[in-house]
Amino acid sequence: MKLITRNRIAILPIFLGAILIIGISKYFSERDEMIWSARHEIASFAISIAEFIDPVLLPNLESEVPADSETSIRLLLPLQRIFASNSLRHIAIYSRDGQRMFYSLGEPPLRPAEELWRGHLPELAKMAADAEQKTQVDEYAIIGEIAQGKENGSLDAIDALAPVSDGRGRLAAIVFLEKDVSEISSKTKAIIVQMAIAAVFILIVGLVVVQTITTVITKPIRRLTNAILAGIKGRHAHSLEQERIREFYDLGNTYNTMVCVLDETEGRIGRNLVQSEQFFSRTELSRAFRDVFWPDRECASGMFTAKGSVFGRSSREFFDIDANENGLWAVVCRLSGVYSETYDLVIGKDGLSAVPIRLNEGDLDVALSSASLSVLLKGQLAGGDPQSAYEMVSALYAIEYFHCVQATNENGLCRIWRWKEEDKTLHYSEQTLKSGENMILHSFSGDAEETIEIFMRFFNSFTPQKLVGEILRSLDEDSSGAIVAIKRNDDFSYSRE
């Protein structure tokens, strides 16, 4: 999976989640605020109308009322003005039992008043009795839910009931109002459109952020990859620029150190070639380079001692060992015998065919590739875990065999990573070395491998120096590989400060 894909999977859900949370919160908060405002407004209208209605004038509404009569001036004209100026769809005044309607104005209600006041008459009577002590508007009106129009494009409405008191704490009549609240639906739709636009904008910002982060991370990686590929082809005479990110800065320093070592070693070998005229082929030059770059090494750290060596003609195998106060680590590695993804066209009886280009065992380019891989791998193993180190170097080099051990002084535990080309899997295991025992890492095969197993069976108590020396003296000249022996000492005791 590419890095940019991983970043998109990791970062974009954060932006999408933020969009979703903000959008849902804004939608419901503004919708609830508009509904609360509509309920409060219609309750205020209903209570205000109920307060100025004189119950004595209500029976006069059952017959035709002259325009200049007291009933028309004190009751009908105020109701008509309120209806016209406050987006009300319907006003009606019912008797206290709800059976008679004294007056109605406006269009038929979306929901009959009976559906609202049915079952609320005792509550309306109690409101009329407590009208003089009311403190909050909503407590002295019964408000219904928003009613939706039955046809597409119909209006939405909300209705309310308020009691009319006779002045002695008794229910005299019931005021029924219905108000148009279609703007709530239109405003909520507008909020959804705004959130969709904001979501697209934030998503674009997220993509830009992902692309920026990926570019910042992959740019130094591409530089390092190109430099290493150039080094594999022999063009390693340039160094990497120092990056601002600490991890890439350290990695660039490791590569630059490797380049300096390779340049110095290649120059020294070249000078020896000119001065002594003792090298007659690139194979001999490769062998001399290998002897200079990978001499026999010994290492010790408290509980453990180790000895490593390279044997034979091949330049594909190498080893490395190092130690600190906590223990030591060792690695044996072998480059693949085929250039990764590199083929040559061959004409045969079946026509043209692609044949993998194979490495020359003693070629100087192979030795240089092994050297660059060794330096890079050592830098990674010193600062991280072997699995991460292997994943990094295997992305740059075709590796046929990898065997790494971390031995800890605290309890003698050895953590082991091993990869073979035929398995295509990095295997992990643990082993606790007993006192006086040896562990062998090697890249030999065939008869040489059987010889090593025999020595481990009968001479496991030898020192690493003696064990490696005896094994190499027993191998025939055609064998080739790297070997490291690690032994746990008898007389070491670990103490943590």
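Conventions and cut-offs
- Residues numbered from 1 in each chain as written.
- Predicted model: local features only at pLDDT ≥ 70, side-chain atom pairs only at ≥ 80, totals over all residues.
- Heavy atoms only, no water.
- Helix = DSSP H or I, 4+ residues; strand = E, 2+ residues; numbered from the N terminus.
- Buried < 20%, exposed > 50% of the residue type's maximum accessible area, 1.4 Å probe, protein only.
- Areas by Shrake-Rupley, 256 points an atom, 1.4 Å probe, with all protein chains shown as cover.
- Salt bridge = Lys/Arg side-chain N within 4 Å of Asp/Glu carboxyl O.
- Contact = heavy atoms within 4.5 Å.
- Arc of directions from axis to C-beta.
- Pairing = 2+ DSSP bridges.
- Core = buried A, V, L, I, M, F, W, Y, C linked by side-chain atoms within 4.5 Å.
- Phe/Tyr/Trp six-rings, centres within 6.5 Å; stacked < 30°, edge-to-face > 60°.
- Polar contact = N/O pair within 3.5 Å; in protein donor to acceptor, adjacent residues only side chain to side chain.
- Disulfide = S-S within 2.5 Å.
- Axes fitted to C-alpha atoms, helices over the stretch in contact; angles between N-to-C directions.

Asker: So what about the overall build of the chain? Which residues, and what values?
Answerer: Looking only at helices and strands, the chain has 11 helices and 16 strands in total. Per-residue burial for the chain yields a buried fraction of 43% across its 497 residues. As displayed, the chain has an accessible area near 27500 Å², and 52% of this comes from carbon and sulfur atoms.

Asker: Now, about the pattern of salt bridges: what can you tell me, with residues and values included?
Answerer: Counted by the stated rule, this structure contains 12 salt bridges. Here E30 ties to K26 by a salt bridge, and the two come within 2.4 Å at their closest N and O atoms. Residue E30 and its partner K26 are located together in helix α1 (residues 3-52), separated by 4 residues, close to a single helical turn. Owing to a relative accessible area of 26%, E30 belongs among the partly exposed residues under this scheme. With a shortest N-O distance of 2.8 Å, R89 and E107 are connected by a salt bridge. Remark: E107 occurs in the loop between β2 (101-106) and α3 (113-117) and R89 occurs in strand β1 (residues 88-95); sequence separation between them is 18 residues. Classification of E107 by relative accessible area gives partly exposed; the value is 48%. Taken together, the shared-partner salt bridges connect R316, E317, R334 and E400 into one network.

Asker: Outline the environment of S461, supporting the account with residue identities and numerical values.
Answerer: Tracing the backbone shows S461 in the loop between α10 (447-458) and α11 (464-474). Overall, S461 belongs to the exposed group, its relative accessible area being 54%. Linking S461 and E437, residues 24 residues apart in sequence, is a C-alpha distance of 5.8 Å. Excluding residues within four positions of it along the chain, S461 makes contact with G436, N438 and K487.

Asker: Which residues make up helix α9 (residues 386-394), and what values go with them?
Answerer: Buried within α9 we find P386, A389, Y390, M392 and V393. Projection of α9 onto a plane perpendicular to its axis shows the buried side chains occupying an angular sector of 165°, all on one side.

Asker: Go over the pairing of strand β6 (residues 297-301), please, and point to the residues and values.
Answerer: Sheet topology places β6 next to strand β7 (residues 304-311); 5 bridges connect them, and they run antiparallel. Bridge pairing in β7 links A300 to T305. Between the antiparallel neighbours β6 and β7 lie 2 residues, among them G302 with a positive phi of about 60°.

Asker: Go over the nonpolar core, please, and point to the residues and values.
Answerer: With 54 residues, the main nonpolar core has F402 and I486 as its most contacted residues. Setting aside chain neighbours within four positions, we find I486 in contact with F304, T305, A306, L328, A330, V405, L433, E437, N438, M439 and L441. Grouped together as the second largest cluster of nonpolar side chains are 48 residues, A38, I93, F102 and V181 included.

Asker: I'd love a proper account of the packing of aromatic side chains, names of residues and values included.
Answerer: Enumeration according to the criterion identifies 7 aromatic pairs in this entry. For the pair Y390 and F402, a centre-to-centre distance of 5.0 Å together with 45° between the ring planes defines the contact as tilted. Here Y390, found in helix α9, pairs with F402, found in strand β12 (residues 399-408); they are 12 residues apart in sequence, far enough to count as distant. Taking the relative accessible area as the measure of exposure, Y390 reaches 9% and is therefore buried. Of the residues examined, F402 reaches a relative accessible area of 0% and is grouped as buried.

Asker: Describe helix α4 (residues 121-129), naming the residues involved and giving the relevant values.
Answerer: Listing the buried residues of α4 in full gives L124, M127 and A128. All buried residues of α4 fall inside an arc of 100° around its axis, so they share one side. Among the exposed residues of α4, those pointing more than 90 degrees away from its buried face are P122 and K126. Turning to α4, the residues buried within the fold contact α3, β3 (142-143), β4 (157-165) and β5 (171-180).

Asker: Can you explain the side chain of S309? Please cite residues and give values.
Answerer: With respect to the helices, strands and loops of the structure, S309 is situated in strand β7. What makes S309 buried here is its relative accessible area of 2%. Separated by 2.7 Å, the side chains of S309 and D296 make a polar contact. Residue contacts for S309: discarding those within four places in its chain leaves D296, F319, V468, L472, G481, A482 and I483.

Asker: So what about the state of the cysteines? Which residues, and what values?
Answerer: Evaluation of the coordinates by the stated rule reveals 0 disulfides. Counting only cysteine sulfurs, C404 is the nearest neighbor of C333, a cysteine outside any disulfide, at a range of 10.0 Å. Since its relative accessible area comes to 1%, C333 is described here as buried.

Asker: A description of the sheet that holds β6 should follow, citing residues and the corresponding values.
Answerer: Taken together, 4 strands build an open sheet; the order of strands is β6-β7-β16-β15 and the sheet is antiparallel. Strands at the two margins of the open sheet, each flanked by one partner only, are β6 and β15 (438-442). Sheet twist, expressed as the mean angle between neighbouring strand axes with direction ignored, is 15°. Bridge analysis of β15 against strand β16 (residues 481-488) gives 5 bridges, and the strand direction is antiparallel. Following the sheet pairing, I440 is matched in β16 by A485. Together, β15 and β16 form the strand contacts of α10, whose direction differs from that of β15 by roughly 170°.

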